[in-house]
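In case you want the letters, here they are:
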Amino acid sequence: MSGQQKLEAQLTENNIVKEELALLDGSNVVFKRLGPVLVKQDLGEARATEGKRLDCITAEIKRYEPQLRGLEQQSGQQRETLAPLQQESQQAQAAKAGGAPGKA
């Protein structure tokens, strides 16, 4: 799994958590896990933490986008360079195979 795929998965997961937190009211109890222990957390603090986490993930995804576009552009250029070479190779193989049908 690539770095961007991991970030996209984290973004999806954290959006679900944000939606779940939005469904809660002040009477609900929220816990966060610290190692092997669950610690009670204020609902407002949990929402703020989740918002910050989403901001960080979104910023990291935006940081990856220019790199991804650059790689896609390089890939397209390589394909354009490779296509005529493949055609030339196929034509040479066809000419070689067609020029000597009786040889075994």
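Residues numbered from 1 in each chain as written. Predicted model: local features only at pLDDT ≥ 70, side-chain atom pairs only at ≥ 80, totals over all residues. Heavy atoms only, no water.

1. As for the overall build of the protein chain
Across its full length, the protein chain carries two helices and two strands. Along its sequence from the N terminus, the protein chain presents helices and strands in the succession α-β-β-α. Radius of gyration (C-alpha) of the protein chain: 27 Å, far over the 13 Å computed for a compact globule of 104 residues. Along the three orthogonal principal directions, the C-alpha set of the protein chain runs to about 90 × 30 × 25 Å. Considering the protein chain as a whole, with its 104 residues, one finds that 13% of them fall into the buried category. Contacts in the protein chain between residues at least 24 apart in sequence constitute 54% of all its contacts with a sequence separation of at least 6. A total of about 8500 Å² of accessible surface is found on the protein chain, and carbon and sulfur atoms cover 53% of it. Averaging the locations of the 14 positively and 14 negatively charged side chains of the protein chain gives two centres separated by 6 Å. (Helix = DSSP H or I, 4+ residues; strand = E, 2+ residues; numbered from the N terminus. Rg over C-alpha atoms; globule rule 2.2 N^0.38 Å. Buried < 20%, exposed > 50% of the residue type's maximum accessible area, 1.4 Å probe, protein only. Contact = heavy atoms within 4.5 Å. Areas by Shrake-Rupley, 256 points an atom, 1.4 Å probe, with all protein chains shown as cover. Lys, Arg positive; Asp, Glu negative; His and termini not counted. Charge placed at Lys NZ, Arg CZ, Asp CG, Glu CD.)

2. Quick notes on the confidence of the model for the protein chain
Of all residues in the protein chain, 93% attain a pLDDT of 70 or more, and the chain-wide mean is 89. Highest mean pLDDT in the protein chain belongs to strand β2 (residues 37-41) (95); lowest belongs to helix α2 (residues 43-99) (90). (pLDDT = per-residue confidence, 0-100.)

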